[in-house]
Amino acid sequence: MPMIFSKSPKLSIYMSALLLAFATTACASAKKEETRSAGEPASSAKKVASKPEDLSEFANFTQWKEVVDFIDRMVAEHGFDRTELESIFKNVKYVETTIQLIKPAPPGRPKNWAAYRARFVDPTRINAGVAFWNTYADALARAEEQYGVPAEIIVGIIGVETIYGRNTGNFRVLDAVTTLAFDYPDTPTRAARMKFFRGEIENTLLFARENDIDPFTLLGSYAGAIGWPQFMPSSIRNFAIDFDGDGKINLSSSPVDAIGSVAHFLVKHGWKRGEPIVFPAAVSTSEGSVHWDAFISKGLEAKYKLEELKAAGVSPRSGTPADMMFGLVDLQNGEDPTEYWLGTENFFAITKYNRSYFYAMSVIDLGRAVRTAR
Ligand SMILES: [Ca+2]
């Protein structure tokens, strides 16, 4: 998902054995992956079904005042037919599962880059990536030529997002985004997230109207991210493209549209053709005069000169270009030493897709692994 919300670079995401999910946010795609372990016992479903709040599945959203206000706004701003919208919202289901999946990981778990990476740079994804690259080599080459985004970065993103179309999600997008827009869990960012998801309802309705489709036919992740690249509805409207030439944008059934859309998204978020992405670095461990830690967590931008970072105690690997701008990236590793990297503007373009250092580095590593294996 490329989005615009704040998914902290703290991808922490460890959920129970029942629910493995990414900490997401709604980036262009709220990328989360719903990976339910295959062994999820039927008994757990039974337990969930017996919970009283499961009755909320039958909630009638048209009885919620905030939904009525939202419908008023859609009628006033976009000329929707009120009766039609009321009919739609009567058929939207409240999805308790999406509330549970969007909740942040429990506190206290240290971030662990090695564990995160192992989930995404693995033989299954690498093999699927080789097959994907071979199948869509022409489209990947065309996207690279047209947008300047290397094939391996596009391959890395689509692999991390959905294992090349295998896990695109089966939630009705309208159910997911409506549930999150009006009953987001009680977190510090609740108000902002609800506003974000209301925008996603708006974009879902507009996208459906513009393309003359039934909005209920749109399926996606529990956070409403759609198709092979897991774009949120707003990102589809703003950044997706028709890359297979059939005149329509379809990220669920056209891997070629997905390829072009990922490249276009990155270019619109600062990707620069031909420029490097990231360089390894070390930081001074001596006490006192250095202050490299002041450059940690300074936003998702490359805004520091190399000499400035060096003066603060950052040691770049030899060969790191002195004339580019960088951001200092820390990849925490649980009890093991943190890895440090210097990210360029291209690195941070990937973080606009999903606001996480772990995410961006996994995309880079998976893409490289696929290229090497191919
Ligand atoms: Ca198309």
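Residues numbered from 1 in each chain as written. Predicted model: local features only at pLDDT ≥ 70, side-chain atom pairs only at ≥ 80, totals over all residues.

S.K.: Help me understand the nonpolar core, please; the structure alone is not making it clear to me.
M.R.: One recurring pattern in soluble globular proteins: nonpolar side chains tend to sit buried together. By size, the foremost hydrophobic cluster in this structure holds 97 residues, and its most contacted members are Leu140, Ile154, Ile259, Val262 and Val363. Among the elements that line this core, the one with the most residues is helix α15 (residues 357-373), at 10 residues. There are two domains that each give this core at least three residues, and those are domain 1 (11-108 + 168-238) and domain 2 (278-343). Once residues lying within four places of it in the same chain are set aside, the contact partners of Ile259 are Tyr136, Ala139, Leu140, Ala143, Ile154 and Phe243. (Core = buried A, V, L, I, M, F, W, Y, C linked by C-beta atoms within 7 Å. Buried ≥ 20, exposed ≤ 12 C-beta atoms within 10 Å, placed from the backbone. Helix = DSSP H or I, 4+ residues; strand = E, 2+ residues; numbered from the N terminus. Domains from an automatic or database assignment. Contact = placed C-beta atoms within 7 Å.)

S.K.: Would you explain the sheet that holds strand β9 (residues 336-343) in this entry?
M.R.: In any sheet, the strands associate via hydrogen bonds between backbone groups, in a parallel or an antiparallel arrangement. On the basis of which strands lie adjacent, the open sheet formed by 5 strands has the order β6-β8-β9-β5-β7 and antiparallel pairing. Bordering the open sheet on either side are β6 (304-305) and β7 (314-316), each of which pairs with just one other strand. Alignment of strand β5 (residues 278-283) against β7, held across 3 bridges, turns out to be antiparallel. Bridge assignment links Val283 to a residue of β7, and that residue is Val314. (Pairing = 2+ DSSP bridges.)

S.K.: Is there a simple way to explain the pairing of strand β8 (residues 325-333) in this structure?
M.R.: With 2 bridges connecting them, β6 and β8 associate as antiparallel partners. Following the sheet pairing, Tyr304 is matched in β8 by Phe326. Between β8 and β9, which pair antiparallel one after the other, the connecting turn spans 2 residues, and Gly334 there sits at a positive phi close to 60°.

S.K.: Looking at this structure, how should I read helix α6 (residues 123-135)?
M.R.: Residues separated by three or four positions in an α-helix point in the same direction, a consequence of the helix having 3.6 residues per turn. Over its 13 residues, α6 runs 18 Å from end to end, which matches the ideal 18 Å to within 8%, given 1.5 Å per residue. Every buried residue of α6 is accounted for by Arg125, Gly129, Phe132 and Trp133. In a view along the axis of α6, the buried residues occupy a sector of 95°, so they form one face of it. Residues Pro123, Thr124, Ala131, Asn134 and Thr135 are exposed on α6 and point more than 90 degrees away from its buried face. For α6, the secondary structure elements touched by its buried residues are α5 (113-120), α7 (137-147), α8 (151-162) and α15. (Expected span 1.5 Å × (residues − 1). Arc of directions from axis to C-beta.)

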